[in-house]
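Chain by chain, the residues:
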Amino acid sequence: MIVYLRSLFCTLLFVFSFNAYAQSFSILGKVVDAEGQPIELANVILLQGEERQFLIGTSTDDNGFFNLVNLNVDTYYIKVSFIGLQEFEQKIILSGNLDLKTIKLEEIPETLEEVTIIAKKPTITRKPDRLVFNVENTALAEGNTLGVLKSTPGIIVTDGSINIKSAPAAIYINERRVQLTSDELMQLLESAPANSIKSVEVITNPSANYDADSGSVINIVMSKNLVTGYRGSIQTNYTQGVFPRYNAATSHYFKNDKINLNLNYSYTDQKINRNQDDSVNYLDNNGDIDEVWKSDVNRNTWSETHNLNLNFDYFIDDRNTLNLTSTGLYMPYFKYQLNNITDIFDSNNNFLLSFDADNLSLDNKYNVGTDLIFKHDFKNESSLSFNAHYTIYEYERNQSVFQDEPIDTNDSEFRTIANQDTQIITGKLDYRLPIDESSSFESGVKFSNVKTDSDITRLDIINDAEVINNSNSDAFNYDEKVFAAYANYSKTWEEWDINLGIRAEQTNIEGSSVSLSETNTQNYLNLFPNASISHQLSEKTSISANYSRSITRPSYTNLNPFTFFLNENTVVLGNPSLLPTYTDNYKISIDFLKNFTFSVYYTNYDGAIEELPRQNNQTNVIAYTPTNLDKRVDYGFDLEFNYYSSSKFYLYAASSTYNMNEEVNFGNGFVELNQWSQLFILSPGFTFLKDNSLNINATFYWLGRNLQSLQNVEDRLISTISFSKSILKDKATISLSVDDIFNMQDYSTSINYLNQSSQRLMDLDNRFVKIGFSYKFGNTKLNTNERTTSAEERDRLKDLN
C-alpha cells in the first residue's frame, strides 16, 4: 500500500509539472500592520472594470501573503481590509503579472467609537496542510473555548480527549503547545471564554518547525490588540448536568506604543458524575466461561480550579520585542470517589457472591510554565527569536481503598500516598528569512530537558494499624533530553503552493526504579520529513497532496513501573519497555465546485501505544497496561461540503468512510482486528433579527461502530445546540446551550479476542444545559491578543487519575 501511494504521489507531481508554466496573469502581495507585522486572514477583494463588479476574493496566509491568479488583461480595483484597521484600495491596469510588494494597513484614529463590530457567520479557509475555521465575532465566540472546538469541522471532543477523527491531537495556542495534562487541558478549555479567539486551525500536516510528536495539531489563534487603550470583560455561566457546575472568568487587555498586556483569570467549581456497567467473562483453560463478574461502578469527582494566563509584550524599538508569558493552573481541591458493587455468577448465570470496593482520593496540584521570548527583526524582513522556558509541576494524591468481601477475614483496606515533581527547561532559537515576496525559509534548533521524581507508598491497614507494603511501594526517577533542529521552505507562485521541511531529533532517556534497582535507557536519532503541494487547476478546482512523519513518545507515567491499585481486582501498571510510535501520513485532496472537498488518506502507525485492559483468568485481576501494538493502519476517504449563502445562514456537512486495522502479538497468541466505520457531520448556523444579534449554531456527529485499542465501540450521536443574544448595545451577551440533545452520546464497548472477553456500558455526565452572561467594558471596540505558552514535553505530563 505504501509503495502504491508513493507511486501515486510521483504521478501527481509529474502531472502537475505539465501545467507549471501555463500562461496566466496574477496579482500578489504581502499585507502588514503599522508595525510591519504580517496580518493573517486579511480580506483581499478584486473588483473588475469601472463598474467595480466583484470578481474574486481571498485571504492572506499566516505570513501575510496573498495571490490572485487566472486574471486577464483588464482594469481592476483591489481592496484589502482587516477589522480595526483602515481599508486599502488601489486601481490596477493589468497587462502582466504584478507584484504589489508590501501593503500596510494603518490603525483607525483612536476614539472610543472607532468600529462597530457586527456579528458574522463562521467561515472556512482551506490550505494544503490545514483547515482554518474563523470564529471571531460570531455566536460561537460567546461560549467557552471547548465549545468552539466541538463546533470546528474535523474535531471530535469525547470523554477526556480531543481528536482529529480517530487520532489524538496536540493543542497549540498561538503556535505554542499547551503545557498541561489531558485532564487539565479539558478544564482549561472549558473554563476559558472564547471571545478572544480569532480562528481554529486544524493542521493535518504540520511543518517542520512543529515538534516531531505533533502528528495532528489544533492551533487556536487568538485575536491581536490592534488599537491602543484598555478593554476588559467578565463572564459567568451555570451548567446543570447530573450536578450543578459554576464558572466565572475575567479578561483584561491594555496596549500603548510600548507595551501590550493581557491578563486572564478563571475559576471553576464542579462535580462530575459517571456510571458504568462492566461485565467480565473469566474463562477456563478451554476458553469456556468459568465465572461472570458484573460490576456497577459509580464515580464522582469534585474539583476547584484556578487558571491564570499572563502575556506581556514590551516593544523595545521598531525591531526588537521582549515577551513574557506565563500560564498557571492551581487545583487546591480534587476529590475522587468510586463505589463498585460486583456480583459474581457461574457459567449458568447462578449467583455466587458479591463484594463492594470503595475508593476515595484527595488530590492537589499546581502547574506553572513561564516563557521569556526575545525577537529581533532585521532590515531585510528576516527575524531571529529566542525562547527560554521553565515549567514546575507538583502533584499529590492520598487514596483510601476498602474492599468488603463476603467473608470478613478477607476484607482488604489500604492507603496509597503518591507524589510527582516535574521540572522542564527548554531553549529554542528560530530564524525566518523571506527569500522574496512569494517564498520563505525557516530554520531553528531546540533543546529540552525533563526531570521527574515520583514515589508511591502503599500502607495496608491491618488490625487498625498501617503497615508499609514494600512490594507495592517504589520511587521512580526520569530524565529525558531531546536535541532538535529543523529547516522549512515554502513558496507560492501563480497556481502553485509548496512546502518542504525536515526535522531531526536526538532523544536520550533514562528511567530508574529504586525498589527494583532497574534502570532503563533509550537513545535514538530520527528524521521527520514533511511535504505538501497544491495546484489551482481552475477558479473552482484545486488539488493537493501531502506527507508527514511524526513520533509519539511514551509518557512518563507509562514508563513508570508502579502498580497503582484502584482496588484489589483492578490495577494500573506502567511499562518501562515501551518504545515510541512512528506515524506516516499520506493524503490527497481535491476541492471542486467551490463548495466540495474529496480526500483520500492512508496512515500507518508503527508501534502505536495503547493502554489495554488485560484480564487474568486465574487471579481475576484486570490490569490496565500501556502496550506497543505491532501495527495499526487507518485509511479511508472523506467528502466535505461548505455552504455560505449569506450572513444569515451557513452549513458544513461531511461524510467519512474509513477502515481501522490493529495487530499485536501477546506471546500467547496473535491478534488481528479489522473494522470499517462511518462518520457523519452536520453543522448548520443561523442569524436572526435586523441587527444580527440573535445567533443559533448546532453540531451533530454520528459515529458508527468503530475499533479503538482492540475494543469495538458501538454507535453514538454527539449533539450540541447553542443560542446567543447581544443586549445592552452589544456590550453584553446572554447565551444558552444544550449538549446531548437526543440522549445518544453514551456508548458501549466490547472486547473479544484470545482469552479476553468483556463488555462495558458508559453513562457519562455529558447531557447538560448551560446558561451564560458576559459583559464588556472599557474600550469595547478593541480586539484582543491572548497568548499561552507551551513546550513539547509538558503535554506528556500525566498524574495518576
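Look up a bit, the structure's there.
Scope of this entry: the structure provided in the associated data block. (Residues numbered from 1 in each chain as written. Predicted model: local features only at pLDDT ≥ 70, side-chain atom pairs only at ≥ 80, totals over all residues. Heavy atoms only, no water.)

### A few points about the overall build of the protein chain
Now for step 1: Helices and strands together make up the secondary structure of the protein chain, namely 4 helices and 47 strands.
Now for step 2: Within the protein chain, contacts between residues at least 6 apart in sequence are counted, and of these 67% link residues at least 24 apart.
Now for step 3: As displayed, the protein chain offers around 33,700 Å² of accessible surface, 55% of which is attributable to carbon and sulfur atoms. (Helix = DSSP H or I, 4+ residues; strand = E, 2+ residues; numbered from the N terminus. Contact = heavy atoms within 4.5 Å. Areas by Shrake-Rupley, 256 points an atom, 1.4 Å probe, with all protein chains shown as cover.)

### Here's the deal with the packing of aromatic side chains
Now for step 1: Tallied over the full model, the rule gives 23 aromatic pairs.
Now for step 2: With a centroid separation of 4.9 Å and an interplanar angle of 40 degrees, the aromatic rings of Tyr547 and Tyr586 are classed as tilted. One end of the pair, Tyr547, is in strand E30 (residues 542-552); the other, Tyr586, is in strand E33 (residues 581-592), with 39 residues separating them in the sequence. Tyr586 shares its class with Tyr547; the two are buried.
Now for step 3: Of the aromatic side chains, those joined through ring pairs into one cluster are Phe592, Phe596, Phe641, Tyr643, Phe649, Phe686 and Phe688.
Now for step 4: Positioned over the ring face of Phe414 is Arg458, at 3.8 Å from the centre of the ring.
Now for step 5: Residue placement shows Arg614 over the ring face of Phe666; its charged tip is 3.7 Å from the ring centre. (Phe/Tyr/Trp six-rings, centres within 6.5 Å; stacked < 30°, edge-to-face > 60°. Buried < 20%, exposed > 50% of the residue type's maximum accessible area, 1.4 Å probe, protein only. Lys NZ or Arg CZ within 6 Å of the ring centre and 35° of its normal.)

### Re the sheet that holds strand E7 (residues 98-104)
Now for step 1: Pairing is mixed in the open sheet, where 3 strands are placed in the order E4-E1-E7. Both outer strands of the open sheet, strand E4 (65-71) and E7, are each paired with one neighbouring strand and no more. Across the sheet, the mean angle from the axis of one strand to that of its neighbour is 15 degrees, orientation sign disregarded.
Now for step 2: Relative to E7, strand E1 (residues 25-32) is paired through 5 bridges, and the arrangement is parallel. Across the sheet, Val32 pairs through a bridge with Lys104, a residue of E7. (Pairing = 2+ DSSP bridges. Axes fitted to C-alpha atoms, helices over the stretch in contact; angles between N-to-C directions.)

### Considering empty space enclosed by the protein
Now for step 1: Taken as a whole and judged by the stated rule, the model has 11 cavities of 30 Å³ or more.
Now for step 2: Here the second largest cavity defines a volume of roughly 110 Å³.
Now for step 3: Looking at the second largest cavity, it is lined by 14 residues, and the ones nearest its centre are Pro206, Ser207, Asp211, Ala212 and Arg549.
Now for step 4: Those elements giving two or more residues to the lining of the second largest cavity turn out to be strand E29 (518-536) and E30.
Now for step 5: Class assignment for the residues of the lining of the second largest cavity results in 6 nonpolar, 5 polar and 3 charged. (1 Å grid on protein atoms, 1.4 Å probe; cavity = no way out; pocket = protein on both sides within 12 Å on 5 of 7 lines; lining within 4 Å. Points joined across faces, edges and corners; volume = space filled by probe spheres on them. Nonpolar A, V, L, I, M, F, W, Y, C, P; charged D, E, K, R; others polar.)

### Regarding the sheet that holds strand E36 (residues 621-628)
Now for step 1: The 4 strands lie next to each other as E31-E32-E36-E35, forming an open sheet whose pairing is mixed. Here the strands that pair on one side only, and so sit at the sheet edges, are strand E31 (563-567) and strand E35 (609-616). In this sheet, adjacent strand axes meet at a mean angle of 25 degrees when their direction is disregarded.
Now for step 2: Where strand E32 (residues 570-573) meets E36, 3 bridges bridge the pair, whose relative direction is parallel. Paired with Val571 across the bridge in E36 is Ala623.

### As for the side chain of Asp278
Now for step 1: With respect to the helices and strands, Asp278 occurs in strand E19 (residues 259-283).
Now for step 2: Side-chain polar atoms of Asp278 contact the side chain of Gln276, separated by 3.0 Å.
Now for step 3: Those residues in contact with Asp278 that lie beyond four places of it in its chain are Trp293, Lys294, Ser295, Val297, Gln759 and Arg760. (Polar contact = N/O pair within 3.5 Å; in protein donor to acceptor, adjacent residues only side chain to side chain.)

### Side note on the nonpolar core
Now for step 1: Judged by nonpolar contacts, the single largest core of 35 residues is most densely connected at Leu149, Ile155, Ile162, Ile197, Ile218 and Ile220.
Now for step 2: When near neighbours in sequence (up to four residues on either side) are disregarded, Leu149 contacts Ile155, Val157, Ile162, Leu189, Val200, Ile218 and Ile220.
Now for step 3: One finds Val31, Ile78, Val80 and Ile92 within the second-largest nonpolar core, a separate group that totals 20 residues. (Core = buried A, V, L, I, M, F, W, Y, C linked by side-chain atoms within 4.5 Å.)

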